[in-house]
Amino acid sequence: MADRVSPQLNGNRPRYGVRVIAAAVLGAAVVVALVLGYLGTRYQSSTPAAALEKVSIAMPSVPHAALMYIAAARGYFAEEGLEVTMMPTIHGKAAIELVVQGKADLATASEVVFVVSITKGEALGIAANMFNSSKDMAIVARRDRGIAAARDLIGKKIGVTLGTSGEYFLWAFLIRHKLPPESVTLVEIPPEKIAQELATGTIDATATWQPNVLDAQLALHDNAVTMYEPLAYTETFNIIGRNDFLTGHSKAIEKLVRAMLKAEEFNRARPEEALNLVAEQLKTDVESMRPGWKNFNFRLDLAQSQLMTLEEEARWAMERGYVEKKPVPNFLPNLYLDALLATQPERVTVVH
Amino acid sequence: MKIGSKERLATASLLGVICVIALAVWWTYAELDDASRERREASDIARALTDMRLVTDEYALNHSERARAQWYEVSRRVDNLLAASRLAGQTEQELLAGLRDKRTEGQQIFGDLALTPADDRTDASGAELINRRYEVQSLNRLLIFEQDNLGAAFRLSDLATERGNIAERRLFVVVLSGLALIATIKVGVSWSIRRNVLTPVARLQHVAYQVAGGDWGLEFGRGGDDEVGDLTRNLGRMTQSLRHSFARVERSNQELVSLNKELETFSYSVSHDLRGPLRSMDGFSLALLEDYGDKLDEEGKDSLRRIRAASQRMGRLIDDLLGLSHVTRVNLKIEIVNLSEIVREIAAALDHQKNARTVQWLIEENLTARADKNLLGIAMQNLLQNAWKVTGKTPEATIRFGMQRQDGRQAFFVADNGAGFNTDYAAKLFEAFQRLHHADDFPGTGIGLAIVQRIIRRHSGTIWAEAKEGKGATFFFTIGQPEHDNPGQDNPAG
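Worth saying up front: this structure is predicted, and the values here are computed from it rather than measured. (Residues numbered from 1 in each chain as written. Chains lettered and ligands numbered in written order. Predicted model: local features only at pLDDT ≥ 70, side-chain atom pairs only at ≥ 80, totals over all residues.)

Focus on the overall build of chain A
Okay, so step 1: Looking only at helices and strands, one finds 14 helices and ten strands in chain A.
Okay, so step 2: Counting every position in chain A, which comprises 352 residues, the buried fraction comes to 48%.
Okay, so step 3: Pairs at least 24 apart in sequence give 79% of the contacts found in chain A among residues at least 6 apart. (Helix = DSSP H or I, 4+ residues; strand = E, 2+ residues; numbered from the N terminus. Buried ≥ 20, exposed ≤ 12 C-beta atoms within 10 Å, placed from the backbone. Contact = placed C-beta atoms within 7 Å.)

Shown next as structure tokens:
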């Protein structure tokens with residue numbers, strides 16, 4: 001329509017146009033707000049902290065700590081505002097010792113070394129369980145020493161790393177087979193020498209974890225007899241720290257747990273990539289890791305059932321003489337629930 | 001794009017959105033239903049596992065055969081529930097797989113709890129210790145498995161609840177988004193209607209109003225590509241055509257006005273200029289009769305008398321022509337005029353003139369009209385004089401003035417019971433110099449009714465007559481919206 005006909009009417013058009021534009025903008029804003037709101041319910045962005053908080057973690061170079069390696073490699077720690085320094089140790093027991101000595105803020109270790117430390121009076125706590133497996137631990141024995149079944153272990157020399165899950169597994173294994181644990185001779189051997197000692201015949205068998213199990217099998221070749229017992233023991237790997245550190249750095253622990261949850265999700269969504277990434281971090285061959293890897297469960301939680309395991313292991317520690325006999329300690333104060341409760345509370349089934 | 005196409009597009013979009021919303025709602029409802037079913041399944045599993053944990057505790061306390069039997073019964077129930085489970089999703093499947101594995105392990109542990117002897121190489125006290133350790137370990141493991149299984153069942157329930165929550169949120173978002181989308185489409189449609197229909201129509205209305213008010217300079221414009229645009233262009237063409245027609249009429253009108261004015265001026269001046277010779281003719285004829293009457297014979301006197309009569313008749317003709325010219329040129333002064341009063345005054349004058357006759361006057365009282373009093377007086381004078389004349393030979397002459405309603409209008413009338421006339425010639429009644437009677441029967445110039453018609457026309461009225469020969473005639477006239485004080489030259493039609 002030509003504009004020259006009616007100045008009055010043309011003068012009205014902008015007013016109406018403004019109303020239309022305002023209505024359109026309002027409608028569009030409503031739609032955008034709804035879409036963003038909806039997306040907001042599905043994705044919660046993490047806001048990286050301005051300054052990174054430093055945390056040192058002592059940890060053995062084992063696949064059990066895979067979520068730690070994934071979180072570090074994928075940059076999840078930095079995303080959550082943490083600068084994590086990993087301090088490699090030969091096993092979880094050594095890692096906990098660094099924490100006890102104040103040389104590391106946190107450690108990753110099996111619950112057995114944690115129990116031993118607690119029964120010895122250390123003020124430690126578990127922030128989260130991040131791994132469990134009933135088929136990680138195994139007895140690898142020399143066939144040429146007449147060992148074919150569990151009962152053949154009686155009277156034999158069995159190499160273990162004392163005070164670790166390896167020793168506890170042997171105990172549980174023997175009981176499961178109704179064999180007296182005292183009927184075998186324990187020989188203290190550090191993990192990295194187990195395969196060698198078994199191969200040279202210093203010991204008749206060993207009770208240990210991956211990748212030592214695989215190393216021992218490879219060292220013995222056809223001479224190896226491997227015995228698993230998933231009904232006897234479920235090993236867990238945990239994030240452990242001093243109680244004062246855990247309570248004093250609650251935000252940092254929360255960030256750590258959040259980063260580990262991202263690592264867990266990554267492992268669940270892209271398992272092959274996660275395996276490659278962990279193998280790369282551990283500087284080991286992927287194929288050598290694969291047999292054990294399939295039996296590993298990587299999940300962050302704090303379960304009520306873990307209290308029973310801890311109490312059972314405390315009784316074992318006393319029977320083994322690591323500490324004098326006394327009532328089984330209450331482990332509940334040694335489970336630090338706050339971080340998981342703050343992030344994903346449904347993962348905490350500990351009665352609290 | 002045409003408005004019709006836009007309307008179809010908007011309707012299709014709206015229906016499309018509604019279909020999408022309906023599908024989304026249906027899909028979400030199905031998800032809610034699934035989530036509810038999964039919650040029920042998870043609850044059933046959790047309930048069975050709780051029962052199992054209860055009988056395991058009872059068995060651990062006293063090893064009763066009843067508790068053992070119940071354990072196996074509830075164990076079968078759990079297995080059936082796990083086998084029948086339709087829980088989907090990767091996490092759910094992983095949890096179910098874990099549950100089944102632990103179930104298998106738990107069954108094995110519970111089965112092994114039926115006391116088997118300790119290793120035969122141990123002594124009695126050693127065997128008792130081993131059996132005790134074995135039982136403690138087995139029960140511990142069993143309880144741990146069952147506890148973990150319960151945890152897994154609750155996780156299944158949580159997942160189903162979360163799925164339901166997500167579905168509910170999605171439903172909320174879908175419904176709100178749909179409503180927002182519908183609102184946006186509605187705003188868009190309204191905007192489009194306003195922009196493409198209402199605004200152009202308002203503009204058309206405005207222009208049409210201005211054109212109707214006489215502002216022919218406004219243009220309708222080119223318009224858009226839609227139906228309103230077509231209408232705009234057609235109206236534009238129509239207006240242009242009318243503008244040209246009016247311009248032609250205007251030109252003709254002006255030419256007519258000019259010609260009319262010249263004609264009036266001419267007739268006025270001719271009439272005026274003729275008066276002098278006529279007066280001379282009459283005056284000198286009278287002088288001849290008075291000064292030389294004794295020297296003329298009767299034939300000469302008669303000729304002079306005829307010259308005088310002709311001169312006087314011509315003078316009256318000229319007066320009437322001037323009157324006719326006057327009524328078309330004079331400015332109107334509109335006011336409320338009492339026609340009854342005017343009629344009564346004219347009747348009185350006629351009654352008192354020389355050689356007056358006896359006429360019965362029937363005058364309706366207080367009839368008024370908005371008109372120019374002088375012109376209407378002239379009109380009434382002519383009408384009444386006409387009635388007076390045509391009743392000259394009627395023994396009981398009656399002249400009536402009144403008003404009656406005709407087609408919702410006031411129609412004034414002057415009726416007489418005089419000579420009447422043949423209505424076949426009624427069309428000639430109001431033409432100048434046209435007469436329906438011979439001048440010897442009823443004298444006159446034949447201009448009176450022409451003057452009356454022009455006066456009525458100037459008052460936007462109409463005049464007509466009904467008559468029967470020998471029975472009388474009735475002249476009706478109406479007064480409409482008079483010309484607004486326009487000078488006569490603005491009414492070229494006269």
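A word on the overall build of chain B
Okay, so step 1: Along chain B, the regular secondary structure elements total nine helices and seven strands.
Okay, so step 2: Taken over 494 residues, chain B has a buried fraction of 26%.
Okay, so step 3: Considering only contacts within chain B whose residues lie at least 6 apart along the sequence, 71% involve residues at least 24 apart.

Here's the deal with the sheet that holds strand β2 (residues 82-89) of chain A
All names here are of chain A.
Okay, so step 1: As summarised here, the arrangement of the five strands in space is β2-β1-β3-β10-β4, forming an open sheet in which the pairing is mixed. Strand pairing shows two members of the sheet lacking a second neighbour, β2 and β4 (124-133), which therefore form its edges. Between one strand and the next, the sheet's axes are offset by a mean angle of 25 degrees, whatever the strand orientation.
Okay, so step 2: Relative to strand β3 (residues 106-110), strand β1 (residues 53-60) runs parallel, the two being bridged by two bridges. Counterpart to Ala58 in the pairing with β3 is Ala107. (Pairing = 2+ DSSP bridges. Axes fitted to C-alpha atoms, helices over the stretch in contact; angles between N-to-C directions.)

Quick look at the nonpolar core
Generally speaking, a soluble globular protein has its nonpolar side chains buried in company with each other.
Okay, so step 1: Leu67, Ala71, Ala107, Ala128, Ile240, Val257 and Met260 of chain A are the most contacted members of the largest nonpolar core, which totals 133 residues.
Okay, so step 2: In terms of residues, this core owes the most to one element, helix α4 (residues 124-212) of chain B, which gives twelve residues.
Okay, so step 3: Among all residues touching Ala107 of chain A, those that are not within four sequence positions of it are Ile57, Ala58, Met59, Gly92, Ala95, Ile96, Leu98, Val99 and Ile240 of chain A.
Okay, so step 4: Among the nonpolar cores identified, the runner-up in size contains 44 residues, and Ile318, Leu375, Ile378 and Ile479 of chain B belong to it. (Core = buried A, V, L, I, M, F, W, Y, C linked by C-beta atoms within 7 Å.)

Some points on the confidence of the model for chain B
Residues and elements named next belong to chain B.
Okay, so step 1: For chain B, the average pLDDT comes to 84, and 93% of its residues sit at 70 or higher.
Okay, so step 2: Below a pLDDT of 50 lies the segment residues 485-494, which in the model reaches 21 contacts outside its immediate sequence neighbourhood of four places, other chains included.
Okay, so step 3: In the model output, the complex is listed with pTM 0.61 alongside ipTM 0.78. (pLDDT = per-residue confidence, 0-100.)

Examining the environment of Ser192 of chain B
Okay, so step 1: Residue placement: Ser192 of chain B occurs in helix α4.
Okay, so step 2: With 185 residues separating them in the primary sequence, Ser192 of chain B and Glu7 of chain B have C-alpha atoms 9.3 Å apart.

Let's talk about the sheet that holds strand β4 (residues 398-406) of chain B
All names here are of chain B.
Okay, so step 1: Judged by pairing direction, the sheet is mixed, and its five strands sit side by side in the order β2-β4-β5-β7-β6 without closing on themselves. The open sheet is flanked by β2 (360-363) and β6 (463-468), the only strands paired with a single partner. Taking each pair of neighbouring strands and ignoring which way they run, the sheet shows an average axis angle of 20 degrees.
Okay, so step 2: Both β6 and strand β7 (residues 472-477) contribute to a ladder of six bridges, which runs antiparallel. From the neighbouring strand, Lys468 faces β7, where its bridge partner is Gly472.

Here's the deal with the packing of helix α7 (residues 339-352) of chain B against helix α8 (residues 373-390) of chain B
Residues and elements named next belong to chain B.
Okay, so step 1: Axis separation between α7 and α8 bottoms out at 10 Å; the angle between their running directions is 45 degrees. Taken together, the axes of α7 and α8 are oblique relative to one another. In the packing of α7 onto α8, the handedness of the crossing is right-handed. Contact residues: Leu339, Ile342, Val343, Ile346, Ala347 and Leu350 in α7; Leu376, Gly377, Met380, Gln381, Leu384 and Trp388 in α8.
Okay, so step 2: Here the residues of the contact of α7 with α8 sort into ten nonpolar, two polar and no charged. (Parallel < 35°, antiparallel > 145°, perpendicular 65-115°, else oblique. Left-handed = near helix turned anticlockwise from the far one by under 90°. Nonpolar A, V, L, I, M, F, W, Y, C, P; charged D, E, K, R; others polar.)

Re the environment of Ala149 of chain A
Residues and elements named next belong to chain A.
Okay, so step 1: Of note, Ala149 is situated in the loop between β5 (138-142) and β6 (157-160).
Okay, so step 2: Among the residues examined, Ala149 registers 10 C-beta atoms within 10 Å and is labelled exposed.
Okay, so step 3: Sequence spacing of Ala149 and Val225 is 76 residues, and the spatial spacing of their C-alpha atoms is 8.3 Å.

A few points about the pairing of strand β7 (residues 185-188) of chain A
Residue and element names in this part refer to chain A.
Okay, so step 1: Where β6 lies against β7, four bridges are found, and the strand directions are parallel. Each bridged residue has a counterpart across the sheet, and for Lys157 the counterpart in β7 is Thr185.
Okay, so step 2: What joins β6 to β7 is helix α6 (residues 165-176), and the crossover it makes is right-handed. (Right-handed = clockwise from strand over helix to strand, strands pointing away.)

Brief notes about the packing of helix α2 (residues 66-74) of chain A against helix α10 (residues 250-269) of chain A
All names here are of chain A.
Okay, so step 1: The interhelical angle for the contact between α2 and α10, taken along N-to-C directions, is 100 degrees, at an axis separation of 8 Å. In this view, α2 runs roughly perpendicular relative to α10, as classed from their interaxial angle. Here α2 contributes Ala66, Leu67, Ile70, Ala71 and Arg74 to the contact with α10, which in turn contributes Ala259, Met260, Lys262, Ala263, Glu264, Phe266 and Asn267.

Considering unusual backbone geometry
Okay, so step 1: In this structure, Pro211 of chain A follows Gln210 of chain A across a cis peptide bond, with omega equal to 5 degrees.
Okay, so step 2: One non-glycine residue with positive phi stands out, namely Asn366 of chain B, at about 55 degrees.
Okay, so step 3: Within the element layout of this structure, Asn366 of chain B appears in the loop between β2 and β3 (368-372).

So, the confidence of the model for chain A
Okay, so step 1: Of the residues in chain A, 86% have a pLDDT of 70 or more, and the chain-wide mean is 88.
Okay, so step 2: Long-range and interchain partners of residues 43-49 of chain A, a stretch whose pLDDT sits below 50, account for five contacts in this model, where long-range means more than four residues apart.

Digging into the pairing of β7 of chain B
Residue and element names in this part refer to chain B.
Okay, so step 1: As defined by bridge partners, strand β5 (residues 409-416) adjoins β7 across four bridges and the pair is classed as antiparallel. Residue pairing in the sheet places Ala415 in a bridge with Thr474 of β7.
Okay, so step 2: Two successive antiparallel strands, β6 and β7, enclose a turn made up of three residues, where Gly470 displays a positive phi of approximately 80 degrees.

Here's the deal with the environment of Thr91 of chain B
Okay, so step 1: By secondary structure assignment, the location of Thr91 of chain B is in helix α3 (residues 90-112).
Okay, so step 2: When the C-alpha positions of Thr91 of chain B and Arg155 of chain B are compared, they lie 9.6 Å apart, and in sequence the two are 64 residues distant.

Observations regarding α3 of chain B
Okay, so step 1: Compared with the 33 Å implied by 1.5 Å per residue over 23 residues, the 33 Å span of α3 of chain B between its first and last C-alpha is a close match.
Okay, so step 2: Of the positions making up α3 of chain B, those classed as buried are Glu92, Leu95, Leu99, Lys102, Gly106, Ile109 and Phe110 of chain B. (Expected span 1.5 Å × (residues − 1).)

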